[in-house]
Amino acid sequence: MSWLRDLIRPDLQSFAAYGSARTEAGAFVPTLPLDANEGPWSPFGPLGALEPLNRYPDPQPADLRRRLATLYGVLPDQLLITRGSDEGMDVLMRLFCRAGVDSILICPPTYGMYEVYAATQGAAVQRVPLRAAVGWQLDLPALESACTPETKLIFIPSPTAPMGHVLRREDVLALCKSREGKSLIVMDEAYVDFSDNPKGFVPDLVAHPNLVILRTLSKSYALAGERLGAVLALPELIEALRRILSPYPLTQTSIRAAKDALSPAGLLQSLERQKILIAERVRMTDLLPRSSWIKKVFPSQANFVLAETSDSSALMEHLKRFGILIRNRHTLIPNTVRFTLGSPEQNDIVLRALGVDVPKDQPGTTPRLFSVRRATKETKIDVTVNLDSPGFLDIATGIGFFDHMLSQIATHGGFGLCLQCKGDLEVDPHHTIEDCALALGEALRGALGDKKGLARFGFTTPLDEALAQVVIDLSGRPFAAFEGSFPALMVGEMPTEMVPHFFMSLATALGASLHVNVTGTNAHHMIEACFKATGRALRQALRREGADLPSTKGVL
Ligand code: PMP
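What you are looking at is a predicted structure, and each value in this text was computed from that prediction instead of being measured.

Peer 1: Would you mind showing me how to read the overall build of the protein chain here?
Peer 2: Along the backbone of the protein chain there are 17 helices and 21 strands. Each of the three principal axes of the protein chain carries a C-alpha extent, and together these read 85 × 65 × 45 Å. Across the 556 residues of the protein chain, 53% fall into the buried class. In the protein chain, once contacts between residues fewer than 6 apart in sequence are set aside, the share between residues at least 24 apart is 71%. In the protein chain, 57 side chains carry a positive charge and 60 a negative one; their mean positions are 5 Å apart.

Peer 1: Help me understand a nonpolar patch on the surface, please; the structure alone is not making it clear to me.
Peer 2: A surface patch of nonpolar side chains, about 290 Å² in accessible area, is lined by Leu47, Leu50 and Leu53. The residue Leu50 is located in helix α3 (residues 47–50) in this model.

Peer 1: What is the right way to read the site of the ligand from this model?
Peer 2: Neighbouring the ligand are 13 residues, the closest being Ser85, Asp188, Tyr191, Thr216 and Ser218. Between the ligand and Ser218, the relevant distance is 2.6 Å, taken from an oxygen atom to a side-chain nitrogen or oxygen of the residue. Measuring from an oxygen atom of the ligand, one finds a side-chain N or O atom of Arg227 at 2.8 Å. Contact with the protein chains hides 90% of the accessible area of the ligand, taken as 400 Å² for the molecule alone.

Peer 1: What is the right way to look at the pattern of salt bridges in this model?
Peer 2: Close approach of charged atoms lets side chains of opposite charge pair. Scanning the model with the defined rule gives 29 salt bridges in all. Across the pair Arg83 and Glu87 runs a salt bridge whose closest N-O atoms are separated by 2.7 Å. Given a relative accessible area of 38%, Arg83 falls into the partly exposed group. Here Asp86 and Arg227 are joined by a salt bridge, their closest N and O atoms 3.6 Å apart. With Asp86 in helix α5 (residues 84–96) and Arg227 in the loop between β6 (211–216) and β7 (229–232), the pair connects residues that are 141 residues apart, well separated along the chain. Exposure remark for Asp86: the relative accessible area of 16% places this residue in the buried category. A relative accessible area of 32% means that Arg227 is categorised as partly exposed. Each of Arg22, Asp35, Glu38 and Arg55 takes part in one network of salt bridges that share partners.

Peer 1: Teacher, can you tell me more about empty space enclosed by the protein here?
Peer 2: In this approach a probe as big as a water molecule rolls over the atoms, and the regions it shows empty are the leftover space. The tally for this structure, following the rule as stated, stands at one cavity of 30 Å³ or more. If you add up the space inside the largest cavity, you get close to 40 Å³. Around the largest cavity, the lining residues are Cys107, Pro109, Thr110, Leu130, Phe155, Ile156, Pro157, Thr160, Ala161 and Leu167. In terms of residue class, the lining of the largest cavity is built from eight nonpolar, two polar and no charged.

Peer 1: What is the right way to look at the side chain of Gln60 in this model?
Peer 2: Relative to the assigned elements, Gln60 resides in the loop between α3 and α4 (62–72). Within the structure, the side chain of Gln60 is placed 2.9 Å from the backbone oxygen of Ile81, a separation counted as a polar contact. Residues contacting Gln60, with those up to four places away along its chain left out, are Arg65, Leu79, Leu80, Ile81, Leu245 and Pro249.

Criteria and thresholds
- Residues numbered from 1 in each chain as written.
- Predicted model: local features only at pLDDT ≥ 70, side-chain atom pairs only at ≥ 80, totals over all residues.
- Heavy atoms only, no water.
- Helix = DSSP H or I, 4+ residues; strand = E, 2+ residues; numbered from the N terminus.
- Buried < 20%, exposed > 50% of the residue type's maximum accessible area, 1.4 Å probe, protein only.
- Contact = heavy atoms within 4.5 Å.
- Lys, Arg positive; Asp, Glu negative; His and termini not counted.
- Charge placed at Lys NZ, Arg CZ, Asp CG, Glu CD.
- Patch = residues over 30% accessible without salt bridge, like charges linked within 9 Å, V, L, I, M, F, W, Y side chains within 5 Å.
- Areas by Shrake-Rupley, 256 points an atom, 1.4 Å probe, with all protein chains shown as cover.
- Salt bridge = Lys/Arg side-chain N within 4 Å of Asp/Glu carboxyl O.
- Near = heavy atom within 4 Å.
- Polar contact = N/O pair within 3.5 Å; in protein donor to acceptor, adjacent residues only side chain to side chain.
- 1 Å grid on protein atoms, 1.4 Å probe; cavity = no way out; pocket = protein on both sides within 12 Å on 5 of 7 lines; lining within 4 Å.
- Points joined across faces, edges and corners; volume = space filled by probe spheres on them.
- Nonpolar A, V, L, I, M, F, W, Y, C, P; charged D, E, K, R; others polar.

Right under this line is the structure:
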């Protein structure tokens, strides 16, 4: 693609990347790697036991690249993993801008790092402000006349920073079209996962070769501490950027954290949490103007809201007295402050500090959501439970009848359950059933959190010819009693002897006293009755009934 090559700095057009022995070895995986002067032992501290910290990490792990590509809807060769999306900005400027000659163009008010990276690269900064009069949208005629042959990169965040609204699609695409072959349009989509259109500009990448997209796992995947972002663009551009990236931009722990975040359970948890933050955005947009401090809230599609106040510095000082730090955006838009959306409980603290009487019927409460990953040589399990959202069920253990039973527990328990297990079924179903019970129990216990307001006890006695009685106490003290014997050895691929074992494992990991009694003549009915009744008992016990701890001891 000659236009792209011509845009790249001449001295970097045929740049040879650093080659390590490992990248040069290609498919050969050494059993004894003595090529990179690494230390032979794990370092001091617990992290070294979890990840191979003494080894240089894979510069672009293929598996992670594939998962991110699937997440964003591109092909792996259209994606470069970077140290946060900030690094994406930095390498773009280094690849395209000749110091003292080329420039980037930004549309203030905007994100501050574009200017910082331009300064360190010696690139000039052109500014074409957004038009406040038309809802802070792009000023296309002004952009058109500002661009020169040296304008290499145009950086545009959408949702914008610091306002949080989305820019008009047709304006962005018109700009791409008019600058084709001349400038790259870099859409910074750090906040797009919280917007009404989480695909953002990805579907436009094919039709607009000069479009580049920046994404990040910092916000919607809660991984700001691990520094993970991505550049999405033409494969030729991705390859050119890769050549100038530092040799090992990712760390072993960031790779692990990203893979976990993109596992089925991790994705589910993040999506649920994104929904919570979007609901909080609606609530905060509604409630903040009830404070005498707040004049107006800007409409946002991000995980923050910008608000206008009469004196932003005074408001910052006021909130500091409550231990709260927000961001003063006065220099960008006079007397504005930006509130990052916290958990519902955290947002309630902010509202109260601002003198808003949080309505009693709508206090913020975080759904009781918890994920567990359990991996042994026998089973690998990802499980997520959401005690306050019975909607989702996604269960796959490889044992059809057992999947059916787990869905009984969740449906009758009134909670959402996503459970994926890859177990050694070639041995027998024992490990899969036992380990799923342990992981489910652990996830339920985690989701209970501090147990405040918990109903705690559950009791039930249902189901036709087969009669199952289940009594549960979420006491924190594990105990299981099972009474009953089955008239068959197997139901489907599930040995009936695993049923008492399942309940014992569940009670142990959940920290519950569980008593199961079952009678009947048909093993399928009897087992189903046990799982249904346990679900019903759990439904009663998991209910939130206020804010107190249901124990005279003061601990559970
Ligand atoms: N773009 C925008 C608009 C941002 O506000 C931020 C950080 N606040 C970033 C990019 C950088 O994100 P990352 O953590 O991926 O470097």
